[in-house]
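# Fold and geometry: a report
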Amino acid sequence: MGDATTTTTTTATTTATTPTNIDYTDNEQNPRVPEEEYVLPISYGSVAYWLGKKADEYHSHEWTVYVRGQNNADLSRVIESVTFQLHPSFAEPKRVLTEPPYEVTETGWGEFEIGIEIKFRPEVGEEKEKLMANLKLFPDADEVAKSGPQTTKKPLVVENREELIFHKPRKSFWEKVVKKSKRVLEEEDGEEDDETNNNNNAGGSGGSDGKKHKKVTFAYDECEAKSKHEALWKQREAKMKDDEELMKLWCAQKVTEERCRVLKAQLMVLEGQLLD
Ligand code: SLL
């Protein structure tokens, strides 16, 4: 997104992946590790660019809806697939991604809610996680007042942050995936903001009581796959520049042709006068 200004609406929420009706009791086939908890911070949302005045009215914006690990953490060891349910006006509105980047890029004209369903790998042994992303294409009046009208260079970003919390993870998941991540012990004092307190769920430490807390976090692997959206946008921008250059050349040609026509006419008049 370069250094373009972004209009960002961010909501930080913390939700457990595991629904309340989950059965935490151990069973022989797929036991749980009762004393452990694994927290995976993710981000999801949309990035939208206006394609300018000349764009087709039904394809006025290019947008991308995405799910990714915060700090570029690799989610592919935990996630089997991410399904994005688009508006029925799109061809094949159910889009299933089985590897990162978990994102869909489209062009369109309208805003709508995009259903997101995260399916976990079999060894994770958990239910699906359902999320909802509000695709936003048009800035609100107060955003326009603050950062000016929409331009083709300024993406509109709506990002939500969520923590996928795996309480009492399955042994299969713990052994195969989590234990292989490096665990980092940090000391922190009790005066933290709300968000850090939410994160404390990861280490099981408590609220702000002024004492030092021990917090366990995981050093997540980095995801190598990068969003394709930025590259796509650069291509589009380059094409727009080419189109602008072509338009300038075409205009210059028209002006020159017109000048030639006028000069020819003047020449003919002069020749006529000379003959007289
Ligand atoms: C509305 N909530 O009913 C909206 C629906 C649908 C947007 C927005 C389709 C683009 C295409 C598209 O942008 N749909 O035809 O490829 O007002």
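Residues numbered from 1 in each chain as written. Predicted model: local features only at pLDDT ≥ 70, side-chain atom pairs only at ≥ 80, totals over all residues. Heavy atoms only, no water.

### Re the overall build of the protein chain
The criterion, for reference: Segments assigned H or I by DSSP are reported as helices when at least four residues long, segments assigned E as strands when at least two residues long, and all are numbered from the N terminus. For each residue, the accessible area found with a 1.4 Å probe, counting protein chains only, is set against the maximum for its type, and the residue is called buried under 20%, exposed over 50%, and partly exposed in between. Computed with the Shrake-Rupley method and a 1.4 Å probe, the accessible areas treat only the protein chains shown as cover for residues.
Of the regular secondary structure elements, the protein chain holds 4 helices and 12 strands. Classification of the 276 residues of the protein chain by burial places 38% in the buried group. By element, 53% of the accessible surface of the protein chain is carried by carbon and sulfur atoms, the whole surface being about 16900 Å².

### Considering the pairing of strand 4 (residues 61–69)
Definition in use: Here the rule is simple: two strands pair whenever DSSP picks up at least two bridges between them.
For strand 4, the tally of buried residues reaches 8 of 9 residues, placing the bulk of the element in the interior. Of the pairings in the sheet, the one linking strand 3 (residues 37–50) to strand 4 comprises 9 bridges and is antiparallel in character. By the bridge assignment, isoleucine 42 is partnered in strand 4 with glycine 69. With 7 bridges connecting them, strand 4 and strand 7 (residues 102–108) associate as antiparallel partners. Pairing of glutamate 62 across the sheet is with threonine 107, part of strand 7.

### Describing the site of the ligand
Where we set the bar: When we say a residue is near a molecule or strand, we mean one of its heavy atoms is within 4 Å of it. As used in this structure description, the phrase polar contact means that two N or O atoms lie within 3.5 Å; if the pair is within protein, one of them must be able to donate a hydrogen and the other to accept it, and residues adjacent in sequence are counted only when both atoms belong to side chains. Classification used: nonpolar for Ala, Val, Leu, Ile, Met, Phe, Trp, Tyr, Cys and Pro, charged for Asp, Glu, Lys and Arg, polar for all others including Gly.
If you check the shell around the ligand, you find His59, His87, Ser89, Phe90, Thr107, Gly108, Trp109, Gly110 and Glu111 and nothing else. Tryptophan 109 is positioned such that a nitrogen or oxygen atom in its backbone is 2.9 Å from an oxygen atom of the ligand. Protein contact buries 67% of the 460 Å² of open area that the ligand shows by itself. Classifying every residue of the shell around the ligand by side-chain character gives 2 nonpolar, 6 polar and 1 charged.

### Some thoughts on the packing of aromatic side chains
As a reminder, the rule being used: Centres within 6.5 Å are what make two rings of Phe, Tyr or Trp a pair, Trp counting through its six-membered ring; a difference in plane orientation under 30 degrees is then read as stacked, over 60 as edge-to-face, and the rest as tilted.
Taken as a whole and judged by the stated rule, the model has 8 aromatic pairs. Each ring, one from tyrosine 49 and one from tryptophan 233, has its centre 3.7 Å from the other, and the planes form 10°; the classification is stacked. Separated by 184 residues along the polypeptide, tyrosine 49 in strand 3 and tryptophan 233 in helix 4 (residues 229–275) bring together distant segments of the chain. For the pair tyrosine 49 and tryptophan 233, a shared accessibility class is recorded, and that class is buried. Members of the aromatic cluster, each reached through a chain of ring pairs, are Tyr38, Phe120, Phe166 and Phe173.

### With respect to unusual backbone geometry
Cis geometry is found at the peptide bond from proline 100 to proline 101, where omega equals 0°. Here proline 101 lies in the loop between strand 6 (94–97) and strand 7. Non-glycine residue asparagine 71 carries a positive phi angle of around 55°. Residue placement: asparagine 71 occurs in the loop between strand 4 and strand 5 (79–85). Residue asparagine 71 is classed as exposed on the basis of its relative accessible area of 72%. For asparagine 72, which is not glycine, the phi dihedral falls at a positive 60°. You can see asparagine 72 is positioned in the loop between strand 4 and strand 5.

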